[in-house]
Amino acid sequence: MTGRDLVIRARRMVSADGEEAVAVVVHGDEIVGVEPFDAEVPGAEEVRLADDEVLLPGLVDSHVHVNDPGRAEWEGFPSATRAAVAGGVTTLVDMPLNSIPPTVDVPALEVKRAAAADRVYLDVGFWGGAVPGNLACLRPLHDAGVFGFKCFLLHSGVDEFGHLDTDQVEAAMRELATFDGLLIVHAEDHEAIAGAPACSGTDYRGFLDSRPGEAENRAVRTVVELARRTGCRVHILHVSSAGVVPIIAEARAGGVRVTAETCPHYLALVAEEIPDGATEYKCCPPIRERANRDRLWEALREGVIDLVVSDHSPSTPDLKHLDTGDFGTAWGGISSLQLGLSVVWTEARARGFGLADVVRWMAQAPSELAGLRRKGRIAPGYDADLCVFAPEEEFVVAARSLYHRNAITPYDGRRLKGVVRRTWLRGAPVDLDAAPRGRLLVRGDD
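Residues numbered from 1 in each chain as written. Predicted model: local features only at pLDDT ≥ 70, side-chain atom pairs only at ≥ 80, totals over all residues. Heavy atoms only, no water.

## Some remarks on the overall build of the protein chain
Next up, step 1: Per the secondary structure count, the protein chain includes twelve helices and 17 strands.
Next up, step 2: By the compact-globule yardstick of 22 Å for 446 residues, the protein chain fits well, its C-alpha radius of gyration being 21 Å.
Next up, step 3: By its C-alpha atoms, the protein chain is 70 × 45 × 45 Å across when sized along the principal axes.
Next up, step 4: For the protein chain, with 446 residues in total, the buried portion stands at 62%.
Next up, step 5: Once local pairs closer than 6 in sequence are excluded, the contacts in the protein chain between residues at least 24 apart make up 75%.
Next up, step 6: Of the roughly 16100 Å² of accessible surface on the protein chain, 47% is carried by carbon and sulfur atoms. (Helix = DSSP H or I, 4+ residues; strand = E, 2+ residues; numbered from the N terminus. Rg over C-alpha atoms; globule rule 2.2 N^0.38 Å. Buried < 20%, exposed > 50% of the residue type's maximum accessible area, 1.4 Å probe, protein only. Contact = heavy atoms within 4.5 Å. Areas by Shrake-Rupley, 256 points an atom, 1.4 Å probe, with all protein chains shown as cover.)

Shown next, in the form of structure tokens:
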């Protein structure tokens, strides 16, 4: 370990287990002690949080589309990681699309790592992809350090990242099961979507009808049955349909190793309030009705949905077709990387949840999903990744003030509660005006 000793004193330190007054002792990049608030720490630099500030572990966002290289005009490593840090995130795991090349073999992974090297303001890991024709690439990617493998059950939105049919998903699961790899799945059924009404025009209801909840329900049934058959670990991405909750609960009770996530936009936004032509709200699967949103919150309360991550999937303004407002042709993706903590806290506190719940969903559980052994907790032996959060301070979102590369977000003009004031990455405060000092993470070596 390098660097001088540090003690951070917080009247409120929040973990997934609750909150307490502590002195967090840091040596170099590592937490070496969590002591009583008034504990003496001779020789250490001292930081004392204000009375309105809470100390949280740095968040872990395991679902981010950085798009770099190849589509860095949509987002890039410098802008994405600045935005993440400003939102209290200190670790992210980058999706294998929509970069070019997609991360579907080891040479592509090396291209991705080269694009990220010395350009990230936080620590970054990478998912691999499972696509038609790359079955033999999965084990080498695993050995090269990806944290798991993403697949789609329908068109991914970009032609270079193909989707798997049922037989191909089973083959991928059987291969991953030989080394206990993790398959993370965009679970919408291809045939159900193909059979739904086509979407065009500015009516959000038309778009919602084109991505019915039954497409998710059917896909999740398929995934859990294949996981039961193969013994593969699986994770259901971005749950938007509450209809999948009992399917996941039943599968888990039956011994299937399945976890699930949802996203801030499914917990905060509702179809009934989306204006015609407001394509900044378009994402796949879609934002659904208010009653569905309320059931997702109950699934979090019950522990059936394990984590909350951004699914930050930006694009350039022209691809959102803001001029025509056509939901049928606009890019489907929500930009929210910098705002996730505030969005989720605003909604969670209104429903009687505490910050300990938010920390469990947004720091501890994503870290555990990816197998990041030094992230997501404030405890000895963990990286000193910390977030100072003012939970009662309010602000109004201004899209153009965000670090996202493109100023598009459905939260523009929305009043949120909770402001990130400072972050530490591995024991040192993050300065977004200085040179980036994030690390590239490798599975098992974090």
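## Points about the pattern of salt bridges
Next up, step 1: Applying the stated rule across the entire model yields 42 salt bridges.
Next up, step 2: The closest approach of N and O atoms between Arg-421 and Glu-53, which form a salt bridge, is 3.1 Å. Linking Arg-421 in strand E16 (residues 415–425) with Glu-53 in the loop between strand E4 (45–48) and strand E5 (54–57), this pair joins segments that are 368 residues apart in sequence.
Next up, step 3: Accessibility expressed as a relative area gives 7% for Glu-53, which makes it buried.
Next up, step 4: Notably, a salt bridge pairs Glu-225 with Arg-228, separated by 2.8 Å at the nearest N-O pair. Here the residue Glu-225 and the residue Arg-228 both occupy positions in helix H7 (residues 213–230), the gap between them amounting to three residues, near one helical turn.
Next up, step 5: On the basis of relative accessibility, which here comes to 43%, the residue Arg-228 falls in the partly exposed class.
Next up, step 6: Connected through salt bridges with shared partners, the residues Glu-30, Asp-123, Arg-374, Lys-375, Asp-383, Asp-385 and Arg-426 form a single ionic network. (Salt bridge = Lys/Arg side-chain N within 4 Å of Asp/Glu carboxyl O.)

## Overview of helix H12 (residues 355–370)
Next up, step 1: The end-to-end C-alpha separation of H12 is 22 Å, in line with the 22 Å expected for 16 residues at 1.5 Å each.
Next up, step 2: Of all bends in H12, the biggest is about 30°, found at Gln-364, and the proline Pro-366 comes one to four residues later.
Next up, step 3: Taken across its 16 residues, H12 has 14 buried, putting it largely inside the fold.
Next up, step 4: Positive backbone phi, at 75°, marks Gly-371, one or two positions downstream of H12. (Expected span 1.5 Å × (residues − 1). Bend = angle between axes of the 7 residues up to and from the residue.)

## What to know about the packing of H7 against helix H8 (residues 245–253)
Next up, step 1: Across the interface, H7 lies against H8 with an axial gap of 9 Å and an inter-helix angle of 10°. Of the possible angle classes, the one that applies to H7 and H8 is roughly parallel. Contacts from Asn-217, Val-220, Arg-221, Val-224 and Arg-228 of H7 reach H8 at Ile-247, Ile-248 and Ala-251.
Next up, step 2: Its residues assigned to classes, the contact of H7 with H8 shows five nonpolar, one polar and two charged. (Axes fitted to C-alpha atoms, helices over the stretch in contact; angles between N-to-C directions. Parallel < 35°, antiparallel > 145°, perpendicular 65-115°, else oblique. Nonpolar A, V, L, I, M, F, W, Y, C, P; charged D, E, K, R; others polar.)

## Here's the deal with the sheet that holds strand E9 (residues 128–129)
Next up, step 1: Strand order in this open sheet of six strands is E9-E10-E11-E12-E13-E14, and the pairing throughout is parallel. The open sheet is flanked by E9 and strand E14 (307–308), the only strands paired with a single partner.
Next up, step 2: Pairing of strand E12 (residues 233–236) with strand E13 (residues 258–262) involves three bridges; the strand directions are parallel. In the strand pairing of E13, Ile-236 is matched with Ala-260.
Next up, step 3: Its contacts with the sheet place H7 against strand E11 (182–186), E12 and E13, and it is angled at close to 165° to E12. (Pairing = 2+ DSSP bridges.)

## Some thoughts on the environment of Ile-100
Next up, step 1: Here Ile-100 lies in the loop between strand E7 (89–94) and helix H2 (106–116).
Next up, step 2: The exposure class of Ile-100 is partly exposed, given its relative accessible area of 41%.
Next up, step 3: Sequence separation of Ile-100 and Asp-68 is 32 residues, and the distance between their C-alpha atoms is 7.4 Å.
Next up, step 4: Sequence-distant contacts of Ile-100, defined by excluding residues within four places in its chain, comprise Pro-69, Gly-70, Arg-71 and Glu-160.

Remember, this is a structural readout, not a statement about activity or role.
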